Amino acid sequence: GMEPAVGADADGNSIRVVVRCRPLNGKELASGAGAASPLDCSADCVRITGSGTSGGKSFAYDRVFGAEASQEEVYQDVGVRMVENAMNSYNGCIFAYGQTGAGKSHSVVGDVRGEAGRGILPRSLTRLFELLSERSKGEVGFQASALASYLEIYNERLFDLLASGPVADGRAELQVRSHPTLGAFVAGLTESPILDFADALELLDFGAKRRAVGATQMNAQSSRSHGIFTVQVRMSASKDGAVVDSLAKLHFVDLAGSERQKKSGSEGMRLKEGIGINQSLSTLGRVISDLTKPGGTKAPPFRDSKLTLLLKDALMGNSRTALLACVSPASSNLEETVGTLEFASRCKLVKTSARRNEHSKVDLIAKLTKEKAEMESLLQQEKLRSDELFRKLDEELGKESEQLEAAAGAAGERRRLEEQVRRLQSNLATASAEDRSARRSTSKEAAARLTIGDRVLLSEKCTAGRGALPATVRFIGEAEFSGGMWVGVSLDEPVGKNDGSVNGKRYFDCTEMHGLFVRPEGVLAAPSVNTALGEFQRRLEEVKEKERRLQQERQHEQELRARLERERQTQLEREQDLMSQIDGLKGMQESFAFDQAQMDLKREQQHRQREVELSKLGMHFMDIDPEDMASAPKLVNMHPDPALKGCLIYCLPLGKTRMGSDSERCRVTLSGLNIGAEVCTLDNVGNRRLTLSPLAGGIPRVNGRIVTQERCELEDGDRLAIGRAYIFQVQIPLRSGSRGRDHSETDDFEQAMEEIAEKTEVDPIFQNGIEKAMKLVKSDFHPEAAAQLLSLARKASEACIMANGVLQEMPSRWRGGVARYELSIMFDAHGLPEVCVVARRADGAGALPGDALGFAAPQEISPRSP
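Along every chain, residues carry numbers that run from 1 in the direction the sequence is written. With the structure being a predicted model, the display of local features is reserved for residues of pLDDT at least 70 and the display and counting of side-chain atom pairs for 80 or more, all residues being used for whole-chain, interface and lining totals. Processing note: side-chain calculations cover all non-hydrogen atoms of the structure and skip hydrogens and water entirely.

**Q** Where do I start with the overall build of the protein in this structure?
**A** Put simply, DSSP H or I for four residues or longer makes a helix, DSSP E for two residues or longer makes a strand, and each gets a number counted from the N terminus. When helices and strands are tallied, the protein shows 19 helices and 36 strands. Put simply, the protein has 866 residues, and 49% of those count as buried. Only heavy atoms enter the contact rule, under which two residues are in contact if any of them lie within 4.5 Å. Sequence-distant contacts, at least 24 apart, represent 64% of the contacts inside the protein between residues at least 6 apart. Roughly 42100 Å² of accessible area belongs to the protein as shown, and the carbon and sulfur atoms make up 50% of that amount. Exposure is judged per residue with a 1.4 Å probe applied to protein chains only, and the accessible area is read against the type maximum: over 50% gives exposed, under 20% gives buried, and values in between give partly exposed. All accessible areas in this document rest on Shrake-Rupley with a 1.4 Å probe, and a residue is counted as covered only by the protein chains that are shown.

This is the structure we're talking about:
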């Protein structure tokens, strides 16, 4: 049998917690922040010194490394255990946790170009392949293969860093799945066969480049994402005459910075991004907290975050896990340091249940094949259900169409009847008026022509000018409230005076405010027209009732249709989920079924695809003589995240190199805000002189200043900014070597950004107008007012550049008629002029109404005294 791993815990179940305290950096030494470090580190303990709220606290761990510890020492304690466990078919995981700049990336990856600087990952993989090679040579029948994947979790979304295709298109979101035998997996994730550490290094480099390009295009800042590099080792050995297959997964996890948002200076959209990113860290904290509660019955919230769901086994399942907590010794970072130490202490209490992953590959393939077939059968059933839902939806659409036709017909009939009623009412009023004027009847004669229940119209005299109102006769005779004959009517509209009673005596019954008493001569009776009017009014009420019923039915149908649409959407999501699971199972099935020849072929194909992708980005060296590679000028990306800084290296061949977003015309292809088709050309003369010439497609800056002249000679160590997305350090080896230039002095990203802010100038297009405005302000106000105007104009000019860059990326239908944004000065008769950004219309007719935006409100400055 296989022996226990070297240095493994006795029970093999506890998360091993190691703390590493980095040395003070140059800024901390210069500022005095680390003059008296509050951390006292021993071999297995960290004590907080001082008299603050955390003073006197002590934390015990499995191992503590101080600032003087080497990469090799950390690897020997953490990495060796992981490799030995993998050789014994145990899964392993290393989490690097801590605030940004605490040394997580340095500890996990480090500087792979030098032996001393290599981190845990490169040392572990180098040792892993050495052990696999030794065992293959010394053990008959032993075979092994390894596959690697590299993914990023950004804002709770998973991205494949080894996927082929353009970065913008290739950043398709992935989903975490779970398998009862193989544990959590990511469906559709690229798994690349690797033969040695050189292959793994190529994947690390490629993934880091894609990560850097993606982060730059999204304007993501330091440590805003988690990186997970996973190596799956598959082994096959003879045991007691039978073949035993086994596998082990090794996760190397570089977590996002754990600092507070207030500390990182985040606000606005960056704060929202930080909240989304820290969701996974806070979920990780809650999971750890739930796992360490004694007698806890509540299930930890693994599904609340993609990170915890993906690494569930590492936290409580089948894995031997280590946490590397990285801290800063500076007093300015004490709060974050204490938070990291407290988190690490909780992790010490977590137990996992690692087991050897031994299985029959044949049985596993058969199981995966069966599961895939079951999923496909389930998918077929779901598609049948989808077809039924589509059929029901079609039926409902047909019913809705019929109802719309019926409603339209009813509405037309209602309008026709209303017109006929109005016409009959008019005819009735005219006829009755003519009859009354011709015969001049007495009240008794008029009353004699009426009977109870007649439908009549009242004259305008009786209705206070409301026109001839329809009513029904309810009473005819003398009344106590006044002498003579009276007719009591029930009006169709509530414009009467009573409910059929006057002074306490009831003459007839009707609804309140519908009753009215009039003299008989005020009643306009026309029996034939009256009868027709009543019939039309009855039919009109029937049509109105039909309309109300159709409206209710239509509302019901719309609710039913909306429910069916929701069910259909849910159904489609279920189908997509099943297809994703099927793809995942298919990928695993094929992967386990591949023989070594197929693995080698897949490795070569993926290698060529990566070369093509790098070539598209301009990071290819096929047209550079290998002997000239070391001496060729280079552009090296600057980034706030140490793990992404220096990932993008563009070697510049002799002659001219064009930069921009047009992949057909530009050798170096970039994309992002304010990067047009062709931004600039770089002319390499003899690998010693490098000259920049700006083009019309963007804004190149050198050391913070916009390049406006036709040619600008670049020096070794210069900072070259392209658009609003990329900042590169210029390296000219043949010129730096002679002067011994240390590039680390000029590769600080924050310093480069401050440099751009300090050297911002007004766009030359607006320069003349600004100078004239400054002269006026200087003569009418104090010189400091002119300086203030210039400062605001510089900011507004930058705003115009950014706004126009965004405008160019927008579809024309979204622009609202805006052609461009311009800087404008608005003069005020009673004070200082105001600097504005104005939106100009595409037709050249001037500024859009209301679109002049005051960039900043200048302080009131009194005019110069005469």
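**Q** For this particular structure, what's the right way to read the environment of Pro 301?
**A** With respect to the helices and strands, the residue Pro 301 is situated in the loop between helix H8 (268-292) and helix H9 (306-310). Considering only alpha carbons, one finds Pro 301 and Ile 288, 13 residues apart in sequence, at a separation of 9.7 Å. For Pro 301, the residues in contact, after removing those within four places along its chain, are Thr 283, Arg 286, Val 287, Asp 290 and Thr 308.

**Q** Could you clarify how one ought to interpret helix H11 (residues 334-347) in this entry?
**A** Under the 1.5 Å per step criterion, the end-to-end length of H11 is 20 Å for 14 residues, consistent within 8% with the ideal 20 Å. When we look at burial in H11, the residues that qualify are Glu 336, Thr 337, Val 338, Thr 340, Leu 341, Phe 343, Ala 344 and Cys 347. Here a helix's expected span is defined as the number of its residues, less one, multiplied by 1.5 Å.

**Q** Please explain the environment of Tyr 650 as it appears in this structure.
**A** Tracing the chain through its elements places Tyr 650 in strand S24 (residues 649-651). Spatially, the C-alpha atoms of Tyr 650 and Val 636 are 6.6 Å apart, while their sequence positions differ by 14 residues.

**Q** Looking at this structure, how should I read the confidence of the model for the protein?
**A** Detailed reading of the predicted coordinates is not advisable wherever pLDDT falls low. For the protein, per-residue confidence averages 79 on the pLDDT scale, and 80% of positions sit at 70 or higher. Scored below 50 in pLDDT, residues 261-271 shows 14 contacts in the model against residues more than four places distant or in partner chains. Each residue gets a pLDDT score, which is the predictor's confidence in that residue and runs from 0 to 100.

**Q** Got a minute to help me understand helix H17 (residues 749-758) in this structure?
**A** Since the α-helix turns once every 3.6 residues, residues separated by three or four places project in the same direction. Those residues of H17 lying buried are Ala 752, Glu 755 and Ile 756. Projected down its long axis, H17 shows its buried positions confined to an angular sector of 100°, all on one face. The outward face of H17, more than 90 degrees from its buried face, is lined by the exposed residues Ala 757 and Glu 758. Throughout, the arc means the angular range of directions from the helix axis out to the C-beta atoms.

**Q** Help me out: how do you make sense of the pairing of strand S25 (residues 655-660) in this one?
**A** When a strand is regular, its side chains alternate between the sheet's two faces. Strands are treated as partners if at least two bridges between them are detected by DSSP. In this structure, S25 lies alongside strand S27 (residues 680-685), joined through five bridges in antiparallel fashion. What sits directly across from Thr 657, in S27, is Leu 682.

**Q** Explanation requested: the sheet that holds S25 in the structure shown.
**A** Reading across from one edge, S26-S25-S27-S28-S31 is the order of the five strands in this open sheet, with mixed pairing throughout. With partners counted over all chains shown, the strands left at the sheet margins are strand S26 (668-669) and strand S31 (712-714), one partner each. Bridging between S25 and S26 involves two bridges; their strand directions are parallel. From the neighbouring strand, Gly 660 faces S26, where its bridge partner is Thr 669.

**Q** Where do I start with the packing of aromatic side chains in this structure?
**A** For any pair of aromatic rings, the description consists of the separation of the ring centres together with the inter-plane angle of the planes. Stacked, tilted and edge-to-face pairs are distinguished by plane angle, under 30 degrees for stacked and over 60 for edge-to-face with tilted covering the rest, among Phe, Tyr and Trp rings (Trp via its six-membered ring) whose centres lie within 6.5 Å. Scanning the model with the defined rule gives eleven aromatic pairs in all. When the ring of Phe 508 is compared with that of Phe 517, the centres are 5.6 Å apart and the planes differ by 55°; the resulting orientation is tilted. Each member of the pair, Phe 508 together with Phe 517, is buried. An aromatic cluster is present here, built from Phe 475, Phe 481, Trp 486, Tyr 507, Phe 508 and Phe 517 joined pairwise through their rings. The residue whose ring lies beneath Arg 320 is Tyr 90, and the NZ or CZ to ring-centre distance is 3.9 Å. Definition used: whenever NZ (Lys) or CZ (Arg) falls within 6 Å of the ring centre and also within 35 degrees of the ring normal, the charge is taken to sit over that ring.

**Q** Looking at this model, I keep getting lost on the sheet that holds strand S33 (residues 726-731). Mind explaining?
**A** Strand pairs in the sheet, formed through backbone hydrogen bonds, run parallel or antiparallel to each other. Read from one edge to the other, the open sheet built from six strands follows the order S24-S23-S33-S32-S29-S30, with strand pairing classed as antiparallel. The strands lining the two open edges of the sheet, one partner per strand, are S24 and strand S30 (705-706). In this sheet, strand S32 (residues 719-722) lies alongside strand S29 (residues 700-702) in antiparallel orientation, the contact comprising three bridges. Bridging from a neighbouring strand, Pro 700 pairs with Ile 722 of S32.

**Q** When you look at unusual backbone geometry in this model, what are you seeing that I'm missing?
**A** Peptide bonds are, in most cases, trans, and in most cases residues other than glycine have a negative phi. Even without glycine at this site, Asn 503 takes up a positive phi of about 55°. Note that Asn 503 resides in the loop between strand S19 (501-502) and strand S20 (505-506). Unusually for a residue other than glycine, Asn 703 sits at a positive phi of about 55°. Looking at the element boundaries, Asn 703 is found in the loop between S29 and S30. Under the relative-accessibility criterion, Asn 703 is labelled buried at 19%.

**Q** Is there a simple way to think about the packing of helix H18 (residues 764-780) against helix H19 (residues 783-809) in this case?
**A** Between two packed helices, both the angle of their axes relative to each other and the distance between the axes serve to describe the pair. Lines fitted to the C-alpha atoms define the axes, with helices restricted to the stretch that makes contact. Angles between their N-to-C directions range from 0 to 180 degrees. At a closest axis distance of 8 Å, the pairing of H18 and H19 adopts a crossing angle of 155°. Here H19 runs roughly antiparallel to H18, going by the angle between their axes. Along this stretch, H18 crosses H19, giving a crossing that reads as right-handed. In this structure, H18 contributes Phe 766, Ile 770, Ala 773, Met 774, Val 777 and Lys 778 to the contact, and H19 contributes Pro 783, Ala 785, Ala 786, Leu 789, Leu 790, Ala 793 and Ser 797. Residue classes in the contact of H18 with H19 are distributed as eleven nonpolar, one polar and one charged. In these notes the angle categories are as follows: under 35 degrees is roughly parallel, over 145 is roughly antiparallel, 65 to 115 is roughly perpendicular, and the rest is oblique. By the definition used in this description, the sense in which the near helix is turned from the far one sets the handedness, with an anticlockwise turn below a right angle giving left-handed and a clockwise turn giving right-handed. In this classification, the charged set is Asp, Glu, Lys and Arg, the nonpolar set is Ala, Val, Leu, Ile, Met, Phe, Trp, Tyr, Cys and Pro, and all remaining amino acids, among them Gly, are polar.

**Q** Just checking my understanding: could you explain the pattern of salt bridges for this structure?
**A** Opposite charge on two side chains allows them to pair when their charged atoms are near. In the sections that follow, a salt bridge refers to a side-chain nitrogen of Lys or Arg positioned within 4 Å of a carboxyl oxygen of Asp or Glu. Following the criterion strictly, the structure yields 30 salt bridges and no others. Two residues, Glu 678 and Arg 665, come together in a salt bridge whose shortest N-O distance is 3.2 Å. On the criterion of sequence distance, the pair formed by Glu 678 in the loop between S26 and S27 and Arg 665 in the loop between S25 and S26 is long-range, its members being 13 residues apart. Using a relative accessible area of 18% as the deciding quantity, one classes Glu 678 as buried. Glu 822 is the partner of Arg 820 in a salt bridge, and the nearest nitrogen-oxygen pair spans 2.5 Å. Here Arg 820 falls in the partly exposed class, since its relative accessible area comes to 38%. Members of the salt-bridge network, linked through shared partners, are Arg 658, Asp 662, Arg 665 and Glu 678.

**Q** Honestly, the pairing of strand S35 (residues 831-841) in this entry has me stumped. Any pointers?
**A** Of all eleven residues in S35, eight are buried, a share of seventy percent or more. Pairing between strand S34 (residues 818-828) and S35: nine bridges, direction antiparallel. What sits directly across from Met 826, in S35, is Glu 834.

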